[in-house]
Structure formats: C-alpha cells, structure tokens
Amino acid sequence: MSTNRKEQIMVAGRSMAGTHSRSVEEDDDDYWLLSTMKQKASIFDDDDVDVSSFQLLGVSGSKVKNLSKSMKESISFDAIEEDAINWDGSSTCSGSSTASDLKSARYRPGQLLAPSGVSTSRNSSSSSLLDSKTSSTIVKQDHGKSASDHLPKSIADAVKVQTKTATNTEVAKLEAEAQFLRRQLNQSKRDRYEKLHVRDTVKRILLGEPYSLECYRSKEDKLALLDTAVAMHDGNAIMAAVLFLKSTVKTQIFNQEIMSRAVAVNHYLEYLRSTREYSQLADMLGLLGRTEEAAMLKYKQVIRGSTDPQTKIRNLKQCLTAHFRTDPDLVQEMTQVHDQVSLLETQLPIEEYDCQLEKEGKTTIFKDFPRTRSIVGTSALSTLYYCCFYHYGLPENNLASPMAIKKQFRVKI
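Within each chain, residues carry numbers counting from 1 in the order of the written sequence. Predicted model: local features are reported for residues with pLDDT of at least 70 only, side-chain atom pairs are reported and counted for 80 or more only, and whole-chain, interface and lining totals are derived from all residues. Calculated side-chain values reflect all of the structure's heavy atoms, with hydrogen atoms and water omitted.

Glancing now at the overall build of the chain. The helix and strand inventory of the chain stands at 19 helices and two strands. Partly exposed residues are those whose accessible area sits between 20% and 50% of the maximum for their type, while under 20% is buried and over 50% is exposed, using a 1.4 Å probe and protein chains only. Looking at the chain residue by residue over its 413 residues, the buried ones come to 26%. For this analysis, residues touch if any pair of their heavy atoms sits within 4.5 Å. Considering only contacts within the chain whose residues lie at least 6 apart along the sequence, 47% involve residues at least 24 apart. Carbon and sulfur atoms form 54% of the exposed surface of the chain, whose accessible area is close to 28,800 Å². Numbering of helices and strands runs from the N terminus; a helix is a DSSP stretch of H or I covering at least four residues, while a strand is a stretch of E covering at least two. Computed with the Shrake-Rupley method and a 1.4 Å probe, the accessible areas treat only the protein chains shown as cover for residues.

What is meant by a nonpolar core is a set of buried Ala, Val, Leu, Ile, Met, Phe, Trp, Tyr and Cys residues, joined one to another through side-chain atoms within 4.5 Å. Membership of the largest hydrophobic core comes to 32 residues, with the highest contact counts inside it found for Tyr216, Leu225, Val242, Phe254, Ile258 and Tyr268. Breaking this core down by element, the ones donating at least two residues are helix H8 (198-207), helix H9 (219-232), helix H10 (235-248), helix H11 (251-259), helix H12 (262-274), helix H13 (278-287) and helix H14 (291-303). Looking at this core element by element, the count peaks at seven residues for H10. Apart from residues no more than four positions distant in its own chain, Phe254 is found in contact with Val242, Leu245, Lys246, Val249 and Tyr268. Ile350, Phe366, Leu384 and Val411 belong to the second largest nonpolar core, which has 13 residues in total.

Take the packing of aromatic side chains next. Under the pairing criterion, centres of Phe, Tyr and Trp rings, with the six-membered ring standing for Trp, must be within 6.5 Å; the plane angle then separates stacked pairs below 30 degrees from edge-to-face pairs above 60, leaving the rest tilted. Tallied over the entire structure, the rule returns five aromatic pairs. Look at Phe254 and Tyr268: their rings are 5.4 Å apart centre to centre, the planes differ by 80°, and that puts the pair in the edge-to-face class. Of the two residues, Phe254 is situated in helix H11 and Tyr268 in helix H12; the sequence distance between them amounts to 14 residues. A residue is classified by how much of its surface remains accessible, and Tyr268, at 3% relative accessible area, is buried. The interplanar angle of 45° and the centroid separation of 4.9 Å between the aromatic rings of Tyr386 and Tyr390 together place this pair among those described as tilted. On the criterion of helical spacing, the pair formed by Tyr386 and Tyr390 is a turn pair, its members being four residues apart in helix H18 (residues 380-390).

Glancing now at the environment of Met232. Relative to the helices and strands, Met232 resides in helix H9. Look at Met232 and you get partly exposed, because its relative accessible area is 23%. Each C-alpha atom, one on Met232 and one on Arg199, is 9.2 Å from the other, the two residues being 33 residues apart in sequence. The contact partners of Met232, leaving out residues within four places of it in the chain, are Arg199, Val202, Lys203 and Leu206.

With that settled, the discussion passes to the pattern of salt bridges. Here, a salt bridge means any Lys or Arg side-chain nitrogen found within 4 Å of an Asp or Glu carboxyl oxygen. The tally for this structure, following the rule as stated, stands at 10 salt bridges. With its nearest N and O atoms 3.2 Å apart, the salt bridge here joins Arg290 to Glu293. Arg290 gets classed as partly exposed once you look at its relative accessible area, which sits at 28%. Residue Glu293 is classed as partly exposed on the basis of its relative accessible area of 37%. Several salt bridges converge on common partners, so that one network encompasses Lys219, Asp227, Glu257 and Arg261.

Attention now moves to H13. Those residues of H13 not exposed but buried are Leu281, Ala282, Met284 and Leu285. Angularly, the buried residues of H13 cover 165° about the axis, an arc narrow enough to put them on a single face. Seen from the buried face of H13, the exposed residues on the opposite side, beyond 90 degrees, are Ser279 and Asp283. On its buried face, H13 sits against H11, H12 and H14. Directly beyond the C-terminal end of H13, a positive phi value near 80° is found at Gly289. By construction, the arc corresponds to the directions joining the helix axis to the C-beta atoms.

What follows concerns the environment of Glu292. Within the fold, Glu292 resides in helix H14. Taking relative accessible area as the criterion, Glu292 reaches 48% and is therefore assigned partly exposed. When the C-alpha positions of Glu292 and Asp329 are compared, they lie 8.3 Å apart, and in sequence the two are 37 residues distant. Each residue touching Glu292, except ones within four places of it in the same chain, is listed here: Asp327 and Leu330.

This part takes up the layout of surface pockets. Within this model, the second largest pocket holds a volume of roughly 240 Å³. A pocket, in this scheme, is an open set of points on a 1 Å grid over the protein atoms alone with protein on both sides within 12 Å along at least 5 of 7 lines, while a cavity is a set where a 1.4 Å probe fits but cannot get out; residues line either one if an atom lies within 4 Å of a point. Pro370, Arg371, Thr372, Arg373, Ser374, Ile375, Thr378, Ser382, Tyr385, Tyr386, Phe389 and Tyr390 are the residues that line the second largest pocket. In this count, Pro and Cys sit with the nonpolar residues alongside Ala, Val, Leu, Ile, Met, Phe, Trp and Tyr, while Asp, Glu, Lys and Arg are called charged and the others, Gly among them, polar. Its residues assigned to classes, the lining of the second largest pocket shows six nonpolar, four polar and two charged. Grid points are joined across faces, edges and corners, and a volume is the space filled by probe spheres set on the points.

Quick look at the packing of H10 against H12 now. Relative orientation of the contacting elements H10 and H12 amounts to 85°, with a least axis distance of 10 Å. One finds that H10 runs roughly perpendicular with respect to H12. Taking contact as the criterion, the partners of Gly235, Ile238, Met239, Val242, Leu243 and Lys246 in H10 are, on H12, Val263, Ala264, His267, Tyr268 and Tyr271. Classifying every residue of the contact of H10 with H12 by side-chain character gives eight nonpolar, two polar and one charged. What counts as an axis is a line fitted to C-alpha atoms, over the stretch in contact for a helix, and the angles between N-to-C directions run from 0 to 180 degrees. Each angle receives one of four descriptions, namely roughly parallel if under 35 degrees, roughly antiparallel if over 145, roughly perpendicular if within 65 to 115, and oblique otherwise.

Next up on the list: the confidence of the model for the chain. Known as pLDDT, the predictor's confidence for each residue is given on a scale from 0 to 100. Scored by pLDDT, the chain has a mean of 75; 60% of the residues are at 70 or more. In the model, residues 94-130 has pLDDT below 50 throughout and makes 33 contacts with residues more than four positions away in sequence or in other chains. Here residues 138-144 is a poorly scored stretch, pLDDT under 50, and it has five contacts once near neighbours within four places are set aside; other chains count.

Attention shifts here to unusual backbone geometry. Look at His233: it is not a glycine, yet its phi comes out positive at around 60°. Relative to the elements of secondary structure, His233 occurs in the loop between H9 and H10. Classification of His233 by relative accessible area gives exposed; the value is 71%. One non-glycine residue, Arg410, adopts positive backbone phi at about 55°.

A separate point is the state of the cysteines. Sulfur atoms of two cysteines make up a disulfide when they are within 2.5 Å. Per the counting criterion, the structure on display carries zero disulfides. Here Cys387 stays unpaired: no disulfide links it, and the sulfur of Cys388, its closest cysteine neighbor, is 7.1 Å away.

What follows is the structure, encoded as structure tokens:
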C-alpha cells in the first residue's frame, strides 16, 4: 500500500473518531442539561417531588420550595410584566423598542434560558414541560384557596344588594295583599263618614276591625252605643263607648247617665284605678255613695305620700274632716285616724328634745345607750317602750312621761 493511501486511511479514521466522540459528547451534554432543567423545574413547581434530599447554594430544597411558593403568591405577573428586561439584560423601557419587540423579549415565569449549545427542539420540549408543570401548580394553588378569599373585600361589597327575580307565586301573593289593603283603605274612608248601625259598630270593636264613632253625634245615639256594648258583655267595647260619651258630653250629663248603668260604672272605676287617676276615682265613689271606699282610698294616698311628718299630719287632718267625720258608719275608723294624728304630734317634740340632749352629751343614759333610730312614725306601744327606757322618772304632766303615754292612747299592760 502506498504512503498516500495510508495517510488517507489514517485521516479518515481520525475524522470518524472525532465525529463519533463529538456526537457522544454532544449527546451527553444534552442529556445532563435536560436532566438538570427537569430537576430545577421540579424544585420550584412540582409539589409531589421530595426535595429534602438536595441543596441549592447551601440552602435545603424544602426551604427553596417554600420560598418559591411564597414569592409566586405575593408577586403578581402584572408587576413582572412591568419590570421586564431584554435577553441581553437591558431595560425594555427604551424608546427605540417597539411594542412587539417588548412583548417578545420579556421574560415570563416558567420560561428558562436555554444555552446556545442546546438545539431548538430540545428547548421547545423543555418549555412545554415547564409550561405544563406551571399550569398544574397554578391549578393546585387555585384549589388550595381558603374560604376567606371568597369573602367581600370591603364594606361596600358586603352591603351590596343583589337583585333577585321574584317568582310568579310571590308576585301573585303581593298583588293579592295589595288588593286586600286597598279594599280596607277604601272601606275605612267610606265608614268614616257613613253612619252604621250601633250593633255593626260594636261588632267591629269586638272583631278588632277599624271603626269610627264620630258619626254618632246625638245623645241618643251615644247612649244606644253604650247600651249595645253593655249587652254584648265586652269590656273593650264598653270602655270605648264610655270614654266617647265622657269626651263628647258635659260632666254632669256623663255622671248622671253612667251612674244609672252599674256595669258601665264598674268598668269606668276600674279604668280610673288602673290609670291612677285617684282624684276622679274618689269623686266618682263619693257620687255613688260609696263613702267608705272613697275614705280608704284617700287615707292610702296620704300614708303613701309625703314622708315629712308635718305634711302627713296636715293631710291626715284634711282626710279626717272630708271623709271620716261625714259618715256615721266610719266612727271607729275616725277614732283610729285621730289617734294616729295625736301620736305624731306627741312624737315630734319628744324627738326634738332627745336629739338636743344627745348632742349635748350631758345625759348619762344617752351616752351608755345611744339611740339607733328616730321615734317618729312608730306605733304607740313602741313609743311607750321608748319613753320607759329613756324617760322613766318623768312625772305624768310631762309629754314624754310613760304614764301620760299610757293614759292618752289607752294602752293596757
């Protein structure tokens, strides 16, 4: 074999070996690059991969994963779009760049920079893989939102009234109610000026329906209304007729007519008692000849009234003169009220005198046994015990003498 032939064979062998080694090296580089890209994509996007077994720049994989998720949740894509940069690192805000250039040159999440040595097909496959993983991560985040994300974000959203379409049944029900109320209104307007029979008016009072008594202007109609209400035995109807009669006729006519109707007058007295109109109640009881009830009512008013002893004495004397002395059947009650007035008039000077002695501090018994309460308003027996304790040695002509108290109020021991 010639020398030239040998050299050609050796050159061809070296070229084939070089080509084979370069293809093997390129395949190895492509394999490890793709493997690295998949691993990086899984680090930041895939929630199912165990990242606790590797580290990135001295930081554990789990921390890198948590940091990536928090950054994705807190940073919106709009902000990334506004701060986009070109592939060469220059800003996209330059005036020479067009809108299409800015859009094509911006960096988008989930897109990795491919080295120049990687083929276009492998770069596109890697991009599709990352896009699928990014979309799956976004879906997982959407499903993982809490219920608070769906709550209104402001007061205006919370109080915003949403329009609701009414059903045919609801519309028909509202129309029926409107017609009923319209009929009631028209009926009330007609009845206001239409004079019904007194029996029909009383029935309306019994049923709780609207009624008007203004159409009954004559005395006969008003009394007929009262008699019909009494015949119906309904307290509300009776009181409505009584109060209407009282407000439309003179007091003398009212008293004369109502006193002849026992049922109506009893309802009226109970009404005055419940409304605490005691003056009118006492006058009506006096007109009816029920003097004992009127006297006891006045007496209770005096006792429950003012706590001032002088005022109470004055009111008791007026009650004694106006109600008890005019009725011979109340002689015993008159004596008791008179004794109560005398007891109060006796207790007042004794109380004043003992208070003065207690302040001076010269009396031994008030030093040894101080008083615990006032004597005014106590019973006759308590007053006698008090005088025996503090004024035992006083003569009978003294107001605080126990013998004078016993004799004046007829206390038997």
